[in-house]
Amino acid sequence: QVQLVESGGGLVQAGGSLRLSCAASGRTFSTYIMDWFRQAPGKEREFVARITGSGGGTYYANSVKGRFTISRDNTKNTVFLQMNSLKTEDTAVYYCAARETIYVPHKYWGQGTQVTVSS
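Residues numbered from 1 in each chain as written. Predicted model: local features only at pLDDT ≥ 70, side-chain atom pairs only at ≥ 80, totals over all residues. Heavy atoms only, no water.

1. Details of the environment of Ser63
You can see Ser63 is positioned in the loop between strand 6 (58-60) and strand 7 (68-73). Taking the C-alpha atoms as reference, Ser63 lies 9.1 Å from Asp90; in sequence the two are 27 residues apart. (Helix = DSSP H or I, 4+ residues; strand = E, 2+ residues; numbered from the N terminus.)

Have a look at this one:
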């Protein structure tokens, strides 16, 4: 069983930065692909970024490419999302999720952290 807990959300002005963290319990963290998703009010949840278990592969939604950076520290069982040049349209609840491969559904989800970007 893995529990995921996000933190680092908050209120920031457009153009600012935030760093989200997702702390995982359990000893097998490095075996999981970790994704960040977000869901804005009235919208469907959307993929933001992905990182492989080793951290050697990263993938981004076009809407955040060049502004967001995903990383992980397997010694601390934590995945990060560095968000720079934030826009009002980045406002959403951000979730981290874990799965063993890209061919199976996400097995674990965090509770989410609110990010609000003001103009």
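2. Notes on the packing of aromatic side chains
Going through the model one piece at a time under the given rule, you end up with 3 aromatic pairs. Judged by centre distance (5.9 Å) and plane angle (80°), the rings of Tyr32 and Tyr108 are edge-to-face. Separated by 76 residues along the polypeptide, Tyr32 in the loop between strand 3 (18-24) and strand 4 (33-39) and Tyr108 in strand 10 (residues 108-109) bring together distant segments of the chain. Overall, Tyr108 belongs to the buried group, its relative accessible area being 10%. When the centroid spacing of 5.9 Å and the interplanar angle of 75° are considered together, the rings of Phe37 and Phe47 count as edge-to-face. In this pair, Phe37 sits in strand 4 while Phe47 sits in strand 5 (residues 46-51), placing the two residues 10 residues apart along the sequence. With a relative accessible area of 12%, Phe37 lands in the buried category. By relative accessible area, Phe47 is classed as partly exposed at 25%. The structure contains a cluster of three or more aromatic residues connected by ring pairs, namely Phe37, Phe47 and Trp109. Here the guanidinium or amino end of Arg19 rests over the ring plane of Phe80, the centre of that ring lying 3.9 Å away. Taking NZ or CZ as reference, Arg45 lies 4.0 Å from the ring centre of Trp109, over its face. (Phe/Tyr/Trp six-rings, centres within 6.5 Å; stacked < 30°, edge-to-face > 60°. Buried < 20%, exposed > 50% of the residue type's maximum accessible area, 1.4 Å probe, protein only. Lys NZ or Arg CZ within 6 Å of the ring centre and 35° of its normal.)

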